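Residues per chain are reported as follows:
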Amino acid sequence: MIRGVDKQTPFRWLLMVFLSFLTVGLGYAVLSLPAQTPGLSDYVAENIENSGVSNPVTAVLLNFRGYDTLLEIGVLLLALLGVWSLGGITKQRESSPGPVLDMLSRMLVPLLILVAGYLLWIGAHAPGGAFQAGAVLGAAGVLLLLAGWRPGARFSGLPLRITLVTGLGMFVAVGIVLILVGRRLLEYLPPFAGALILLIEAAATLSIGITLAALFLGGRPEVGPRR
Amino acid sequence: MEAVTLLQSVFDTVLGLALLWLAWRALASPDLFRAIVLFIAFGLLMALAWVRLDAPDIALAEAAIGAGLTGALLLAALARLESRNETKMLHKNDNESEAHDQGC
């Protein structure tokens, strides 16, 4: 809001010097890259049969580097916790959505849920997967929120929280069960890999979708019935 | 085949330049609403660029999260900023009643 323009001038020069160094460094890094790297795609192609899915991207995200995806879902949850820690919803907007938005949301939300399910299912063989499906689900939630829908007080307490942590919880639970069985964390048994990945992805899709919609809502929904 | 390759390289060049231009406009625009719209357009073109780079997975994620949800989140944040700062911006569609409430 209030910017000390006079005070910022030396910092501006410092910033420019820093950015110049960054540009030179980045340019050097790009130019010193080898022209053609073999990458890890050969390893992925060799082991794709054991991964339980045939889409290499899903195989890497949910099987070979499942740990990263676990942490990503955790980060998303942390982001929501950060937003919620800022307080509740400041004010309920009482604007009426208008007939077009109302009608559109009624028609689009079921379609978006269907598309999310499709993306989740197709992720095993083709581009798609939990994050894309979750984002589409989140878009459906945003559309509902724009059209004036608010989660009821009954849903916004424990049920909402349980839904939010389902994805991370399912991921961690599968990892722990695998450790108990004698494997390493998220080292699936090949015969069950496909089913486990689908299970984790389904839970993650739901959680990601609800998390993104809750991020759009922008604050902690009020808990408990208000009478 | 030659014509197709030429057309593709022309398309890629235009796409790359448009991305750079949109990014610059989004950063340099003083109007926040305009900047957000430019950012959404940037995300959509970026998704197109990912498709051109044969990365449809990232293209899907970019279009859904980078352009769609981030844009919606930014617009929601802007609406909140405006209603808090009591600024008289032109681009208010649905929160005029709030502005009236806070105006006094």
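Only a predicted model underlies this, so the values are computations on that prediction, with no experimental measurement involved.

Procedures and definitions
Residues numbered from 1 in each chain as written. Chains lettered and ligands numbered in written order. Predicted model: local features only at pLDDT ≥ 70, side-chain atom pairs only at ≥ 80, totals over all residues. Core = buried A, V, L, I, M, F, W, Y, C linked by C-beta atoms within 7 Å. Buried ≥ 20, exposed ≤ 12 C-beta atoms within 10 Å, placed from the backbone. Helix = DSSP H or I, 4+ residues; strand = E, 2+ residues; numbered from the N terminus. Contact = placed C-beta atoms within 7 Å. pLDDT = per-residue confidence, 0-100. Nonpolar A, V, L, I, M, F, W, Y, C, P; charged D, E, K, R; others polar.

A. Seen up close, the nonpolar core. Counting 59 residues, the largest nonpolar core has Val136(A), Ala139(A) and Ile200(A) as the members making the most contacts within it. Broken down by secondary-structure element, the contributors of at least two residues to this core are helix H3 (56-64), helix H4 (66-85), helix H5 (98-122), helix H6 (130-146), helix H7 (158-181) and helix H8 (193-217) of chain A together with helix H2 (32-52) and helix H3 (56-85) of chain B. Considering every element that reaches this core, the biggest residue donor is H8(A), with 14 residues. Look past the residues within four positions of Val136(A) in its chain and what remains in contact with it is Leu112(A), Val115(A), Ala116(A), Leu119(A) and Ala64(B).

B. Inspection of the confidence of the model for chain B at higher detail. All names here are of chain B. For chain B, the average pLDDT comes to 82, and 81% of its residues sit at 70 or higher. Scored below 50 in pLDDT, residues 92-104 shows 13 contacts in the model against residues more than four places distant or in partner chains. Among the scores for the predicted complex, ipTM is 0.71 and pTM is 0.77.

C. Spatial organisation of the interface of chain B and chain A. Each partner contributes to the interface: chain B provides 15 residues, whereas chain A provides 16 residues. Split into classes, the residues belonging to the side of chain B that touches chain A amount to 9 nonpolar, 3 polar and 3 charged.

D. Geometry of the environment of Val142(A). With respect to the helices and strands, the residue Val142(A) is situated in helix H6. Residue Val142(A) is classed as buried on the basis of its 23 C-beta neighbours within 10 Å. Spatially, the C-alpha atom of Val142(A) lies 9.6 Å from that of Ile210(A), the residues being 68 residues apart in sequence. The residues contacting Val142(A), other than those within four sequence positions of it, are Ala213(A), Phe216(A), Leu69(B) and Ala72(B).

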